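# Architecture and fold: a report
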Amino acid sequence: LAMAYRLCGDLKYARAVQTLLESWWQQCPYPLGPNWSSALELALRLVSWSHAWQLLGGIDSPLFQGAGGQAFLQRWLASIYQHCHFIAGHFSRHSSANNHLFGELTGLHVAALTWPCWPESAAWLAQTERELEQQALLQNGPDGVNREQAIYYQHTVADEMLLCLLAGRANRRPRSPAFLQRLDNMLEFVAATMNVAGGMPMIGDADDA
């Protein structure tokens, strides 16, 4: 819907985004229910919301005009803060301290870049920058193979690394040469194992959710 609004400028698509968000907040109050049980799911939601936010025009979106628009803006920012605060307090340090942790760091990192609105934002940005650099090298071998040795998670972590690279570049926060080299090696591995039709051998486990 946000992409449709960006492409054609018809406000009905932006209004539909608002309707969906309002419905979600009403039905999924913080911090109750399954939608508040996984820091990784919250992180992925923040990445999606960041994309939608920018496609809708960011802080200058027509959705935020007038008293009603400002109230909607404050509801959205309040939910974003709740997401960030939850993730920061529930990193996967033990179980799933691999792609789950990387995804959680990615979501909080993208959020800290997109919405630097709170006193904690600078600390979240600094922490996620530092830990993303560490985890990129810990979770992926020098040969570019993700240490879980599952093609699905090779793609997942490479996608998240690319998201962090592009988000950082857009905000003048570049990744280190080591991070870039490890991502390059990961993509080289994907290219080397791809067949002529673009398919990949689905080695290892996967999470189709």
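The present account deals with the structure reproduced in this document. Here the structure is a predicted model, which means the values were calculated and not measured.

## Some details on the overall build of the chain
Each helix and strand in the chain was counted, giving 8 helices and 0 strands. Across the chain, helices and strands are ordered from the amino to the carboxyl terminus as α-α-α-α-α-α-α-α. The globule rule puts the C-alpha radius of gyration for 209 residues at 17 Å, and the 18 Å found for the chain is close to it. Taking the principal axes of the C-alpha coordinates as reference, the chain spans close to 55 × 40 × 35 Å.

## Some details on the nonpolar core
Trp-49, Trp-76, Ile-80 and Trp-115 are the most contacted members of the largest nonpolar core, which totals 52 residues. Going through the elements one at a time, α1 (2-8), α2 (11-27), α3 (39-55), α4 (66-89), α5 (99-114), α6 (121-139), α7 (151-170) and α8 (177-193) are the ones with two or more residues in this core. Discounting chain neighbours no more than four positions away, the residues touching Trp-115 are Leu-46, Trp-49, Ser-50, Trp-53, Leu-77, Ile-80 and Ser-121.

## A closer look at unusual backbone geometry
Of the consecutive residues Tyr-30 and Pro-31, the connecting peptide bond is found in the cis state with omega at -5°. You can see Pro-31 is positioned in the loop between α2 and α3. A positive phi angle is found at Gln-149, which is not glycine, with a value near 55°. Assessed through its relative accessible area of 59%, Gln-149 is described here as exposed. Even without being glycine, Arg-172 reaches a positive phi, approximately 60°. Structurally, Arg-172 is set in the loop between α7 and α8.

## Re α6
Compared with the 27 Å implied by 1.5 Å per residue over 19 residues, the 26 Å span of α6 between its first and last C-alpha is a close match. Listed in full, the buried residues belonging to α6 are Ser-121, Trp-124, Leu-125, Gln-127, Thr-128, Glu-129, Glu-131, Leu-132, Glu-133, Gln-135, Ala-136 and Gln-139. In this fold, the buried residues of α6 make contact with α4, α5, α7 and α8.

Definitions and limits used
Residues numbered from 1 in each chain as written. Predicted model: local features only at pLDDT ≥ 70, side-chain atom pairs only at ≥ 80, totals over all residues. Heavy atoms only, no water. Helix = DSSP H or I, 4+ residues; strand = E, 2+ residues; numbered from the N terminus. Rg over C-alpha atoms; globule rule 2.2 N^0.38 Å. Core = buried A, V, L, I, M, F, W, Y, C linked by side-chain atoms within 4.5 Å. Buried < 20%, exposed > 50% of the residue type's maximum accessible area, 1.4 Å probe, protein only. Contact = heavy atoms within 4.5 Å. Expected span 1.5 Å × (residues − 1).

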